[in-house]
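Inside the fold
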Amino acid sequence: MSNQPLISIIVPVYNAQQYLSDCISSLIKQSYDNLEIIAVNDGSSDTSLEILRDFQAKDNRIKVIDQKNAGVSAARNNGIKHASGEYVMFVDADDWIDAETCQTAISKLTNTDADVVMWSYTSEFEHRSEQKKLFPQERIFESDDVAYHLHRRFVGIIGEELAHPEFADSLCPVWGKLYKRSLLDGISFTDLKKIGTYEDGLYNLFVFERVQRAVYLPEYFYHYRRTTTESVTSGYREKLFDQWQNLFQIMNSYIQEHKLDSQYNTALQNRIALSLLGLGLNEMSSDKSFIGKCKEIKRIISLPEYREAYCQLDYQYFPIHWKVFYKCAKYRCSVAIVFLLKVIQHIISR
């Protein structure tokens, strides 16, 4: 298939020895074989690097980059810098993709002259799988649709989308997509030390500004392994509040500089309001007393920017349990919020 365009698959790797072989095996077994697999070892302290070297010795399509630990954003940026392909795909080291993923994606992208192709995914828990469909059916998004249904979604959800706030960021990952390489020129992932989380969504916000046509495939090609260590509930993150303020400020500056319409502002306000759940769960993981946790929640929901966000939040589409939670925030019932967070924390940990 040497006459076919080259796809660069970028895999950031950090202490992934338990699942890494499954990931790389799924890439080298693709039915589309004109690939380069760029595995960036981000200072792993386990056997990840040895596993990658073993694969590299057996398949010359694999490039291994070994760097000092600098985080997933730096690893992906380094991978992009070394990519030679006309098209780029991202896969995380503990996930895997179906064998026909690359063939289907590149065929659809070239046949429709699209800038990016996206597809559905399956969340793989230890004892169950949960399929996530981003849109009801296969769809081509042209420029105006890209702006409203895709680009704006990377800021936040609005209107009827609030009926399923748990899916607010289902579109944001850079995995589950095949990009034209030219789209990514000059765009970098932001260091998580600065923004805490959501480096994928922020990156896609910048990238999709350039997208004129996107295609969505309903097939569940990507398998996202869910582990207990990935959530903000798994350990207290002292700087998360300040990091998310940085994230919101970057988004706000982007909206203002690009003179984007009011839907983007509403989406950002909704993101700020919805962030209370993540901040609250993070607070529940701290070693503060019950009173200490209540005081911190009270402080957050009393801040002017949060008050503004809650006051404009459209509650009519919310499921009842979300409505109760955010009504408590609106009326500054911090004790009730902490009790609700304890229930949520219990459900998540089961």
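It should be noted that the structure appears before, not after, this text.
What comes next concerns the included structure. Note that the coordinates shown come from a computational prediction; the quantities given were computed from them, not determined experimentally.

1. A word on the layout of surface pockets
In this structure, the second largest pocket encloses a volume near 350 Å³. Taken together, 19 residues form the lining of the second largest pocket, with Leu134, Arg153, Glu161, Phe167 and Ser170 sitting closest to its centre. Among the residues forming the lining of the second largest pocket, the class breakdown is 9 nonpolar, 3 polar and 7 charged.

2. Some remarks on the pairing of strand S10 (residues 214-225)
For a regular strand, side chains alternate in direction, first toward one face of the sheet and then toward the other. Burial within S10 is extensive, with 9 of its 12 residues counted as buried. Judged from the 2 bridges that link them, strand S5 (residues 96-97) and S10 form a sheet pairing that is antiparallel. What sits directly across from Trp96, in S10, is His223. Strand direction decides the pairing type here: strand S6 (residues 116-124) and S10, joined by 9 bridges, are parallel. Of the residues in S10, the one forming a bridge with Thr122 is His223. With 3 bridges joining them, strand S8 (residues 139-141) and S10 adopt antiparallel strand pairing.

3. Side note on the state of the cysteines
In this structure the tally under the stated criterion is 0 disulfides. No disulfide involves Cys102; its sulfur sits 11 Å from that of Cys23, the nearest cysteine. Its relative accessible area of 0% is what places Cys102 among the buried residues. No disulfide involves Cys311; its sulfur sits 13 Å from the nearest other cysteine sulfur, which is in Cys333.

4. Here we look at the packing of helix H9 (residues 262-284) against helix H11 (residues 304-312)
It is the contact of H9 with H11, at a shortest axis distance of 8 Å, that shows an interaxial angle of 110 degrees. Judged by the angle between their axes, H9 and H11 are roughly perpendicular. In contact with Thr266, Gln269, Asn270, Ile272, Ala273, Ser275, Leu276 and Leu279 of H9, H11 contributes Glu305, Tyr306, Glu308, Ala309, Tyr310 and Gln312. Here the residues of the contact of H9 with H11 are counted per class, giving 7 nonpolar, 5 polar and 2 charged.

5. Some thoughts on helix H1 (residues 20-28)
Among the residues making up H1, those that are buried are Leu20, Cys23, Ile24, Ser25, Ser26 and Leu27. The elements touched by buried residues of H1 are strand S1 (7-13), strand S2 (35-42), helix H2 (48-58), strand S3 (62-67) and S5.

6. Describing helix H12 (residues 320-330)
The complete set of buried residues in H12 reads Trp322, Phe325, Tyr326, Cys328 and Ala329. The buried residues of H12 occupy one face: seen down the axis, they fall within an arc of 150 degrees.

7. Let's talk about the pattern of salt bridges
Throughout the structure, instances matching the rule amount to 17 salt bridges. Where Asp200 meets Arg76, a salt bridge forms, and the shortest distance between an N and an O atom there is 2.6 Å. In this pair, Asp200 is assigned in helix H7 (residues 199-208) and Arg76 in helix H3 (residues 72-81), connecting sequence segments 124 residues apart. Given the relative accessible area of 7%, Asp200 is considered buried.

8. Examining the environment of Phe90
Summarising the element assignment, Phe90 is placed in strand S4 (residues 87-90). Ignoring any residue separated from it by four or fewer positions in sequence, one finds Phe90 in contact with Ile10, Arg76, Ile80, Val174, Trp175, Gly176, Lys177, Tyr179, Leu184, Phe189 and Tyr222.

9. Description of the packing of aromatic side chains
Within the structure shown, the criterion is met by 22 aromatic pairs. Ring centres of Tyr121 and Tyr224 lie 6.3 Å apart, and the angle between their planes is 70 degrees; this geometry places the pair in the edge-to-face category. Of the two residues, Tyr121 is situated in strand S6 and Tyr224 in strand S10; the sequence distance between them amounts to 103 residues. Tyr121 gets classed as buried once you look at its relative accessible area, which sits at 7%. Ring centres 6.3 Å apart and planes at 25 degrees place the aromatic pair Phe241 and Tyr306 in the stacked group. With a gap of 65 residues between them, Phe241 in helix H8 (residues 240-257) and Tyr306 in helix H11 connect regions that are remote in the sequence. The same class applies to Phe241 and to Tyr306, which are both buried. Note that Arg128 overlies the ring of Phe125, its terminal NZ or CZ placed 4.0 Å from the centroid.

10. Things to note about the packing of H8 against H9
A packed helix pair is summarised by two numbers, namely the angle formed by the two axes and the spacing between the axes. Where H8 meets H9, the axes come as close as 11 Å, and the angle between the chain directions of the two elements is 170 degrees. Judged by the inter-axis angle, H8 sits roughly antiparallel to H9. Two secondary-structure elements touch here, H8 through Leu240, Phe241, Trp244, Phe248, Met251, Asn252, Ile255 and Gln256 and H9 through Tyr264, Asn265, Leu268, Arg271, Ile272, Ser275, Gly278, Leu279 and Asn282.

11. Some details on a nonpolar patch on the surface
A cluster of nonpolar side chains, Phe290, Ile291, Val335 and Phe339, forms an exposed patch at the surface whose accessible area comes to about 370 Å². Mapped onto the elements of the fold, Val335 is located in helix H13 (residues 334-349). On the basis of relative accessibility, which here comes to 41%, the residue Val335 falls in the partly exposed class.

What counts, and where the lines are drawn
Numbering of residues starts from 1 in every chain and runs along the sequence as written. pLDDT decides what is reported in this predicted model: residues at 70 or higher carry local features, side-chain atom pairs at 80 or more are listed and counted, and totals for whole chains, interfaces and linings draw on all residues regardless. Hydrogens are left out, water is left out, and the side-chain values use all remaining heavy atoms of the structure. The definitions used throughout rest on a 1 Å grid laid over the protein atoms alone, on which a cavity is an enclosed set of points accommodating a 1.4 Å probe that cannot get out and a pocket is an open set flanked by protein within 12 Å on both sides along at least five of seven lines; lining residues are those having an atom within 4 Å of a point. Grid points are joined across faces, edges and corners, and a volume is the space filled by probe spheres set on the points. Note on residue classes: Ala, Val, Leu, Ile, Met, Phe, Trp, Tyr, Cys and Pro are nonpolar, Asp, Glu, Lys and Arg are charged, and everything else, Gly too, is polar. In this scheme, a residue with accessible area under 20% of its type's maximum is buried, one over 50% is exposed, and one in between is partly exposed, where area comes from a 1.4 Å probe on protein chains only. Helix and strand definitions follow DSSP, with helices as H or I runs of at least four residues and strands as E runs of at least two, each counted in order from the N terminus. The rule for pairing is simple: two strands pair if DSSP sees at least two bridges between them. When two cysteine sulfur atoms lie within 2.5 Å, the pair is treated as a disulfide. Helix axes are fitted to C-alpha atoms over the stretch in contact, other axes to C-alpha atoms as well, and angles between N-to-C directions run from 0 to 180 degrees. When an angle is under 35 degrees it counts as roughly parallel; over 145 it counts as roughly antiparallel; between 65 and 115 it counts as roughly perpendicular; any other value is oblique. We call two residues in contact whenever any of their non-hydrogen atoms come within 4.5 Å of each other. This arc is built from the directions going out from the helix axis to the C-beta atoms. We define a salt bridge as a side-chain nitrogen of Lys or Arg found within 4 Å of a carboxyl oxygen belonging to Asp or Glu. For this analysis, a ring pair means two rings from Phe, Tyr or Trp (six-membered ring only for Trp) whose centres lie within 6.5 Å, classed as stacked if their planes differ by under 30 degrees, edge-to-face if by over 60, and tilted for the remaining angles. Two limits define a charge over a ring: the Lys NZ or Arg CZ must be within 6 Å of the ring centre, and within 35 degrees of the ring normal. Patch membership is restricted to residues that have no salt bridge and whose relative accessible area is over 30%. Joining uses 9 Å for like charges and 5 Å for the nonpolar side chains Val, Leu, Ile, Met, Phe, Trp and Tyr. For accessible areas, the Shrake-Rupley method is used with a probe of radius 1.4 Å. Any residue's cover is judged against the shown protein chains and nothing else.

Interpretation note: all reported values are geometric properties and have no functional meaning in isolation.
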